[in-house]
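Summary of structural features
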Amino acid sequence: MTPRFSDISVPPENERQLYQRALALAGRSLATLAAEIGIALPLSTRHAKGWAGLLAEYYLGAMSGSKPQPDFPQFGIELKTIPVDVKGKPLESTFVCVAPLTNNNGLSWSTSLVKQKLQHVLWIPIVGARGCLWSERRLGNPLLWSPNAQQLHQLQQDWEELMEQIVLGNSQKISAHYGEVLQLRPKAANRRARTAGIDKDGKVIMTLPLGFYLRSRFTATLLL
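Read on for an overview of the structure. Keep in mind it's a predicted model, so treat the numbers as computed, not measured.

Overview of helix α1 (residues 15-25)
Among the residues of α1, those classed as buried are L18, A22 and L25. Down the axis of α1, the buried side of the element spans an arc of 60 degrees, and every buried residue falls inside it. Of the residues in α1, the exposed ones pointing more than 90 degrees away from the buried face are R16 and A24. Those residues of α1 that are buried lie in contact with α2 (30-36), α3 (51-60), β3 (121-127) and β4 (138-139). Measuring from the backbone nitrogen of R16 back to the side-chain oxygen at the start of α1 gives 3.3 Å, which picks out N14 as the cap. After α1 finishes, the residue G27 shows a positive phi value of roughly 90 degrees.

In structure tokens:
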């Protein structure tokens, strides 16, 4: 079970202070950080994937929680923790946000949550070998990143193609192979989870929740 962080630290006053806080955390183990605030480490990484992100949010003073906006809305900065190996190579794809399977007619890239989330990102690597325990992992050097023109074009192209399939009622047929840098994957605790979607006839159906994810080969170009 993912532990609850009952409070957050004082929010940063500006972007520079946020980055300085992230730099101060670099090299520190998750075990030490958790112990300082009296939080027990999860025994398994499989069933507590968002745990490291919650810990980083606490120490950095993120305020958004689960709201559909960047984690630091006052600066327009999204916080993303990303598991990497000891050489800095990403170990998995990175969740961006839940995909809108209904009420999506008229949505555009310029106003999409994906673009909002990826306009300005503070990356916090979580360093450790694949499969190692939380107690064996530490925080890496932070990176403040904004997509360049080419990256933004790639993201927009993938988003528009994937959203087109959703609007056409093909969400159940979209596989993780679609998209060069952005992909759609199930976003649920298990395969039995269901949410409202639309079929080819425009009728509401119950289908597997989906989320937008950045491919690891894309995030590797940012971090390495």
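Comments concerning the environment of L41
Mapped onto the elements, L41 comes out in the loop between α2 and α3. Along the primary structure L41 and G128 are separated by 87 residues, whereas in three dimensions their C-alpha atoms are 15 Å apart. Excluding anything up to four places from it in sequence, L41 contacts L30, A31, A34, W51, W134 and S135.

Details of the sheet that holds strand β6 (residues 182-186)
Judged by pairing direction, the sheet is antiparallel, and its three strands sit side by side in the order β2-β9-β6 without closing on themselves. Whereas interior strands pair on both sides, the edge strands pair on one side only; in this sheet they are β2 (94-98) and β6. Between one strand axis and the next, the sheet turns through 40 degrees on average, direction left out of account. The sheet contact formed by β2 and strand β9 (residues 210-214) spans four bridges and is antiparallel. For V98, the partnering residue across the bridge sits in β9 and is G211.

Thoughts on α3
It helps to recall that an α-helix has 3.6 residues per turn; residues three or four apart then point in one direction. Within α3, eight of the 10 residues are buried, which leaves the element mostly enclosed by the surrounding structure. On its buried face, α3 sits against α1, α2, β1 (78-84) and β3. Just past α3, the residue G61 takes up positive phi, approximately 85 degrees.

Focus on the side chain of D85
In this fold, D85 is placed in the loop between β1 and β2. Of the buried charged residues, D85 lacks a salt bridge, with K89 as the closest side chain of opposite charge at 6.0 Å. A distance of 2.9 Å separates a polar atom in the side chain of D85 from the backbone nitrogen of K89. Leave out the neighbours within four places in its chain, and D85 touches L91, V127 and G128.

Observations concerning the environment of A189
By the secondary structure assignment, A189 is in the loop between β6 and β7 (195-198). Spatially, the C-alpha atoms of A189 and V167 are 24 Å apart, while their sequence positions differ by 22 residues.

Some words on the nonpolar core
Of all hydrophobic cores here, the largest spans 27 residues; its most connected members are V96, V114, L182, L184, F212 and L214. Residue assignment for this core shows that the elements contributing at least two residues are β1, β2, α4 (113-118), β3, α5 (149-167), β6, β9 and α6 (216-223). The biggest single contributor to this core is α5, with five residues. In contact with L214, not counting residues within four places along its chain, are S93, T94, V96, L118, W123, L155, V181, L182 and T219. Counting residues in each nonpolar core, the second largest holds 23 residues, with L30, A52, Y59 and I77 among its members.

The rules behind the values
- Residues numbered from 1 in each chain as written.
- Predicted model: local features only at pLDDT ≥ 70, side-chain atom pairs only at ≥ 80, totals over all residues.
- Heavy atoms only, no water.
- Buried < 20%, exposed > 50% of the residue type's maximum accessible area, 1.4 Å probe, protein only.
- Helix = DSSP H or I, 4+ residues; strand = E, 2+ residues; numbered from the N terminus.
- Arc of directions from axis to C-beta.
- Contact = heavy atoms within 4.5 Å.
- Polar contact = N/O pair within 3.5 Å; in protein donor to acceptor, adjacent residues only side chain to side chain.
- Pairing = 2+ DSSP bridges.
- Axes fitted to C-alpha atoms, helices over the stretch in contact; angles between N-to-C directions.
- Lys, Arg positive; Asp, Glu negative; His and termini not counted.
- Salt bridge = Lys/Arg side-chain N within 4 Å of Asp/Glu carboxyl O.
- Core = buried A, V, L, I, M, F, W, Y, C linked by side-chain atoms within 4.5 Å.

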